[in-house]
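Descriptive analysis of the structure
Residue-level listing of the chains:
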Amino acid sequence: MRLGCIGDDFTGSSDLANTLAKQGMRVTQYSGTPGFDAARTVDAGVVALKSRSVDPREAVSLSLEALDWLKTQGCEQFFFKYCSTFDSTPIGNIGPVAEALADALGAKKVIVCPAFPGTGRSVYQGHLFVKGSLLSESGMESHPLTPMTDSDIRRWLARQTNLGVGHVAASSVFDGVDAIREALDKEQSNGKRLIVIDAIRDEDLLAIGRAARGLPLVTGGSGVALGLPANFGCTPSRVPWTGQQGRAVILSGSCSSATRRQVAVHSARYPAFEIEAADVVEGRLVPAVAAEWLLNTAGLPLVHSSADPAEVAKVQAKHGRERTANALENFFAETARRAHEGGVTRIITAGGETSGAVVEGLGLETLEIGPEIDPGVPALRAGPDLVVALKSGNFGADDFFEKADRVLQG
Ligand SMILES: Nc1ncnc2c1ncn2[C@@H]1O[C@H](COP(=O)(O)OP(=O)(O)O)[C@@H](O)[C@H]1O
Ligand SMILES: O=C(O)[C@@H](O)C(=O)COP(=O)(O)O
């Protein structure tokens, strides 16, 4: 293994794995830090953690454990993957984890770059934009767990860390690899260790990737990983895939705008079961009921709790943010387990936390990376009789669910 990656959620990890696989690396995604050695054929290992929304101390300890394992697998460079919308709170977890990894690796200048132009995320003058809106006006300001109310990544990150936060401006990035290296060195000599870099286009990310050659630690969205495989001699290639026949279901616990559109489009054509969060938290609706409905419903059935921000706020005010999230995540995990037990062979999930809960609930240890369904979302093989797609909240076209199932079938 040459590139060791730590993802702060499961959809994000598959997004990163997808980028690396398309650029020619042989990639495996692991659910949590494995208790076994990676296969010798793996070039890049992605340890998926559910560390985005936990206590910062837990996130640091999970990430350091993953780092230790990746080191023992022989990695030469490490990548910390977080969301292209920089999902975090004023106290973490991006800053604390990046700081701990930098200290553990003795990294003196660490790139921070959430840009992912393929999905409309760009960083300019240290500010993050999502499809033409500032991050704080993109809908992310009302995310159920990590509301992003400040688009200035430098300012937001500085609240989370004791390390100096620097910046490399677009003008240096446009001037190419040497200018980027010079700008990083300058920030380092000014005492800045976490350095936000502007990036607007894929070519910017490729240049940043080349400039990152030899740096022990790189952090960002999957975009900035675009240029890393070339540093290891890899070239873009077609990702092999054998499809999976059988029955499919969709589970969505994402309340992001893109998912809500996808849920609306899918519900107009296929059976859909909308669950009320309060029914789950208060125990009126149990997974057995949802699983039975899925197993008795033909077509491409969808179970979802993808409510709008006002409804989310209402249930959170009554039951608390964490309690509501945990109840729903456990609900989806158990529903998935029962559906798989009942013979389902293709599972499509929407939402990072939701997907993490489902993958852990199903006990899936490793995921092999297949072809891309929509930007940032690959098909994944979890075992001889199960394939999955883990869709990030704001990724995917409006007809994503139908399309995902076609790709999973092969
Ligand atoms: N109707 C709802 N009300 C409150 N919280 C919800 C509702 N539906 C889902 N959630 C919770 O909101 C969080 C959504 O996060 P996630 O699954 O990561 O989606 P996304 O990828 O869109 O951010 C999860 O913890 C989920 O359990
Ligand atoms: O970088 C991204 O945007 C994604 O890979 C990702 O991490 C999204 O997270 P969720 O929206 O919580 O699924």
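Going along each chain's sequence as written, the residues are numbered from 1 onward. By the order in which they are written, chains take letters starting at A while ligands take numbers starting at 1. Under the rules for a predicted model, residues below a pLDDT of 70 receive no local features and side-chain atom pairs below 80 are neither given nor counted, while totals for whole chains, interfaces and linings still include all residues.

The name recorded for the chain in an unreviewed UniProt entry is 3-oxo-tetronate kinase, from Roseibium album. UniProt positions are given in the numbering used here, feature names are shortened, and annotations may be inferred rather than shown by experiment. In its Sequence similarities (unreviewed entry) section, the UniProt entry covering the chain states "Belongs to the four-carbon acid sugar kinase family."

Moving on to unusual backbone geometry. Residue N93 is reached from G92 by a cis peptide bond, and omega for that bond is 10°. Residue placement: N93 occurs in the loop between β4 (77-81) and α3 (94-105). A positive phi angle, close to 50°, is found at Q125, a residue other than glycine. Within the secondary structure, Q125 sits in the loop between β6 (121-124) and β7 (127-130). Backbone geometry places K131, a non-glycine residue, at a positive phi of 45°. In this text, helices come from DSSP runs of H or I with a minimum length of four residues, and strands from runs of E with a minimum of two, each type numbered from the N-terminal end. One can find K131 in the loop between β7 and β8 (133-134). To assign burial, the other C-beta atoms lying within 10 Å of each residue's own C-beta are counted, with C-beta atoms placed from the backbone; 20 or more indicates buried, 12 or fewer indicates exposed, and intermediate counts indicate partly exposed. Classification of K131 by C-beta neighbours within 10 Å gives exposed; the count is 12.

Moving on: the sheet that holds β6. Paired through their backbone hydrogen bonds, the strands of a sheet run either parallel or antiparallel. A pair of strands is treated as paired once DSSP finds two or more bridges between them. Strand order across the open sheet formed by three strands is β6-β7-β8, with antiparallel pairing between neighbours. Of all strands in the sheet, those bounded by a partner on one side alone are β6 and β8. Bridge count for β7 against β8 is two bridges, and the pairing is antiparallel. If you follow V130 over to β8, its bridge partner there is S133.

The subject of this paragraph is the pairing of strand β17 (residues 377-383). With six of seven residues buried, β17 lies mostly within the body of the structure. What sits between strand β16 (residues 366-374) and β17 in their antiparallel hairpin is a turn of two residues, with G376 showing a positive phi close to 85°. Across four bridges, the pairing between β17 and strand β18 (residues 386-391) is antiparallel. Counted as the bridge partner of G383 is L386 from β18. Here β17 folds back onto β18 in antiparallel fashion, the turn holding two residues.

In this structure's numbering, the residues bearing the UniProt feature "domain: Four-carbon acid sugar kinase nucleotide binding" (unreviewed entry) are residues 249-401. Between the C-alpha atoms that bound residues 249-401 there is a distance of 10 Å. The span itself is 47% helix and 25% strand.

Nearness is defined per residue: the C-beta atom, placed using the backbone, must lie within 6 Å of the molecule or strand. Near ligand 1 lie 25 residues; those nearest to it are S254, A325, L328, G351 and G393. Put simply, the parts of the chain that give the shell around ligand 1 at least two residues each are α12 (309-319), α13 (321-341) and α14 (352-362). Residue composition of the shell around ligand 1, by class: nine nonpolar, 13 polar and three charged. For the purposes of this description, domain bounds are those given by an automatic or database domain assignment. Two domains share the shell around ligand 1, each providing at least three of its residues, namely domain 1 (3-231) and domain 2 (247-409). Basically, the charged four are Asp, Glu, Lys and Arg, the nonpolar ten are Ala, Val, Leu, Ile, Met, Phe, Trp, Tyr, Cys and Pro, and anything else, Gly included, counts as polar.

Here we take up the confidence of the model for the chain. Residues with a pLDDT of 70 or more make up 100% of the chain, whose mean pLDDT is 97. Here the predicted complex carries an ipTM of 0.98, next to a pTM of 0.96. Scored from 0 to 100, pLDDT records how confident the predictor is in each individual residue.

In the numbering used here, UniProt assigns the "domain: Four-carbon acid sugar kinase N-terminal" (unreviewed entry) feature to residues 3-227. When the span residues 3-227 is considered, its composition is 34% helix and 22% strand, and the gap between its end C-alpha atoms is 12 Å.

Turning our eyes to something else, we now look at the nonpolar core. Among the nonpolar cores identified, the biggest contains 127 residues, and V47, I111, I197, I208 and A389 are the most heavily contacted of them. Composition of this core by domain shows at least three residues from each of domain 1 (3-231) and domain 2 (247-409). Residue pairs qualify as contacts under a 7 Å threshold applied to their C-beta atoms, which are placed from the backbone. I208 has contacts with I111, C113, V173, I180, I197, A199, V224 and G227, leaving out every residue within four places of it along the chain. Think of a nonpolar core as buried Ala, Val, Leu, Ile, Met, Phe, Trp, Tyr and Cys residues chained together by C-beta atoms that fall within 7 Å.

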